Amino acid sequence: MIVLFLRRKKKPRLKRKLLLVLLLLILWLNHRAIAEMVYPLHHQEVIYHYSEVKNLDPLLVAAIIKTESNFQANATSPKGARGLMQLMPETASWVAEQTGNGPLNTEALYNPETNIQLGTWYLADLLELFEGDVVLATAAYNAGRGNVKKWLDQQHWTGQRKTIDQIPFVETRQYIRRVLWNYKVYYYLYGEGQARRYDID
């Protein structure tokens, strides 16, 4: 009687194990499709166009958009940053003036094309300022170029990826890590046959 009870008890466990194995197999076979749902590449044509105009890696731009707004064009941060690339109205107005597109109606920042056009110009400007260093440019995109320059000048941070923990702002540390991770994921999902433009390892 006890043996019969034990045998009956084993059957549900075996079914659960088989179900788990089957589920894992399905996930493994469809992992790219699932990952692309979690890491979308909306507005791909616009991203690629303006990235080419500013000589940027479009997958880095996608990684920043993923980190900033998760591709929500109407996103607004508590501090007032707007749109896909979460541009502050003051920054966006400055960029618009630099590019001869000012004055800027800040509601236009919710337009994906306008936001990406201004955001890629700003990112390219930061990369030029920091001589192509993605870690420094990413830090400046989040915390502002003035803060990054101050941290470097006052030796609060060496500016290297391995010393990110020296950055005084926790948010900026986490932001850099998320952008670099997202860049790797976007490169894996969408960068087939392309060389990753920026060395982040």
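This text follows the structure it describes.
The structure contained in this document is the topic of the report that follows.

Cut-off values and rules
- Residues numbered from 1 in each chain as written.
- Predicted model: local features only at pLDDT ≥ 70, side-chain atom pairs only at ≥ 80, totals over all residues.
- Heavy atoms only, no water.
- Helix = DSSP H or I, 4+ residues; strand = E, 2+ residues; numbered from the N terminus.
- Buried < 20%, exposed > 50% of the residue type's maximum accessible area, 1.4 Å probe, protein only.
- Contact = heavy atoms within 4.5 Å.
- Areas by Shrake-Rupley, 256 points an atom, 1.4 Å probe, with all protein chains shown as cover.
- Axes fitted to C-alpha atoms, helices over the stretch in contact; angles between N-to-C directions.
- Parallel < 35°, antiparallel > 145°, perpendicular 65-115°, else oblique.
- Nonpolar A, V, L, I, M, F, W, Y, C, P; charged D, E, K, R; others polar.
- Core = buried A, V, L, I, M, F, W, Y, C linked by side-chain atoms within 4.5 Å.
- Polar contact = N/O pair within 3.5 Å; in protein donor to acceptor, adjacent residues only side chain to side chain.
- Salt bridge = Lys/Arg side-chain N within 4 Å of Asp/Glu carboxyl O.
- Phe/Tyr/Trp six-rings, centres within 6.5 Å; stacked < 30°, edge-to-face > 60°.
- Lys NZ or Arg CZ within 6 Å of the ring centre and 35° of its normal.

## A word on the overall build of the chain
Right, so step 1: Within the chain, the secondary structure is distributed over nine helices and zero strands.
Right, so step 2: Listed N to C, the secondary structure of the chain is α-α-α-α-α-α-α-α-α in terms of helices and strands.
Right, so step 3: Counting only residues that meet the buried cut, the chain has 38% of its 201 residues in that class.
Right, so step 4: Across the chain, contacts joining residues at least 24 apart in sequence account for 52% of those joining residues at least 6 apart.
Right, so step 5: Working note: accessible area of the chain is about 12,300 Å², and carbon and sulfur atoms make up 55% of it.

## Describing the packing of helix H5 (residues 89-98) against helix H6 (residues 112-129)
Right, so step 1: Viewed as axis vectors pointing N to C, H5 and H6 meet at an angle of 85°, and their least axial separation amounts to 10 Å. Taken together, the axes of H5 and H6 are roughly perpendicular relative to one another. Seen from H5, the contacting residues are Thr91, Ala92, Trp94, Val95, Ala96 and Gln98; seen from H6, they are Leu118, Trp121, Tyr122 and Asp125.
Right, so step 2: Here the residues of the contact of H5 with H6 sort into seven nonpolar, two polar and one charged.

## Brief notes about the nonpolar core
The nonpolar side chains of a soluble globular protein tend to be buried with one another.
Right, so step 1: Of all hydrophobic cores here, the largest spans 52 residues; its most connected members are Tyr141 and Trp157.
Right, so step 2: Those elements giving two or more residues to this core turn out to be helix H3 (44-53), helix H4 (58-69), H5, H6, helix H7 (134-143), helix H8 (145-153) and helix H9 (170-190).
Right, so step 3: Dropping the residues within four chain positions of it, tryptophan 157 is found in contact with Val135, Leu136, Ala139, Val148, Trp151, Leu152, Thr163, Ile164, Gln166, Ile167 and Ile176.

## Concerning the side chain of threonine 172
Right, so step 1: Note that threonine 172 resides in helix H9.
Right, so step 2: Taking the relative accessible area as the measure of exposure, threonine 172 reaches 0% and is therefore buried.
Right, so step 3: Ignoring sequence-local partners within four residues, the contact set of threonine 172 consists of Ala139, Asn142, Ala143, Trp151 and Ile167.

## Structural notes on the side chain of serine 69
Right, so step 1: Relative to the helices and strands, serine 69 resides in helix H4.
Right, so step 2: You can call serine 69 buried: its relative accessible area is 8%.
Right, so step 3: In this structure the side chain of serine 69 is engaged in a polar contact, spanning 2.7 Å, whose partner is the backbone oxygen of leucine 84.
Right, so step 4: The contact partners of serine 69, leaving out residues within four places of it in the chain, are Ala75, Gly83, Leu84 and Gln86.

## Things to note about the pattern of salt bridges
Right, so step 1: Tallying each qualifying case throughout the model produces four salt bridges.
Right, so step 2: In this structure, the salt-bridge partner of lysine 79 is glutamate 171, at a minimum N-O distance of 3.9 Å. Taken as a pair, lysine 79 in the loop between H4 and H5 and glutamate 171 in helix H9 lie far apart in primary sequence, 92 residues in all.
Right, so step 3: Overall, the relative accessible area of 66% leaves lysine 79 in the exposed class.

## Some remarks on the packing of aromatic side chains
Right, so step 1: Going through the model one piece at a time under the given rule, you end up with six aromatic pairs.
Right, so step 2: Aromatic side chains phenylalanine 71 and tyrosine 186 sit 6.4 Å apart centroid to centroid with 40° between the ring planes, which places their arrangement in the tilted category. With phenylalanine 71 in the loop between H4 and H5 and tyrosine 186 in helix H9, the pair connects residues that are 115 residues apart, well separated along the chain.
Right, so step 3: The buried category is assigned to tyrosine 186, whose relative accessible area is 0%.
Right, so step 4: Ring plane angle 50° and centroid distance 5.6 Å describe the contact between tyrosine 122 and tyrosine 141, whose orientation is recorded as tilted. Taken together, the positions of tyrosine 122 in helix H6 and tyrosine 141 in helix H7 put the pair 19 residues apart, joining distant regions of the chain.
Right, so step 5: You can call tyrosine 122 buried: its relative accessible area is 9%.
Right, so step 6: Cluster of aromatic residues (ring-pair linked, three or more members): Tyr39, Phe71, Tyr186 and Tyr190.
Right, so step 7: Above the plane of the ring of tyrosine 39 lies lysine 66, whose end atom (NZ or CZ) is 5.0 Å from the centre.

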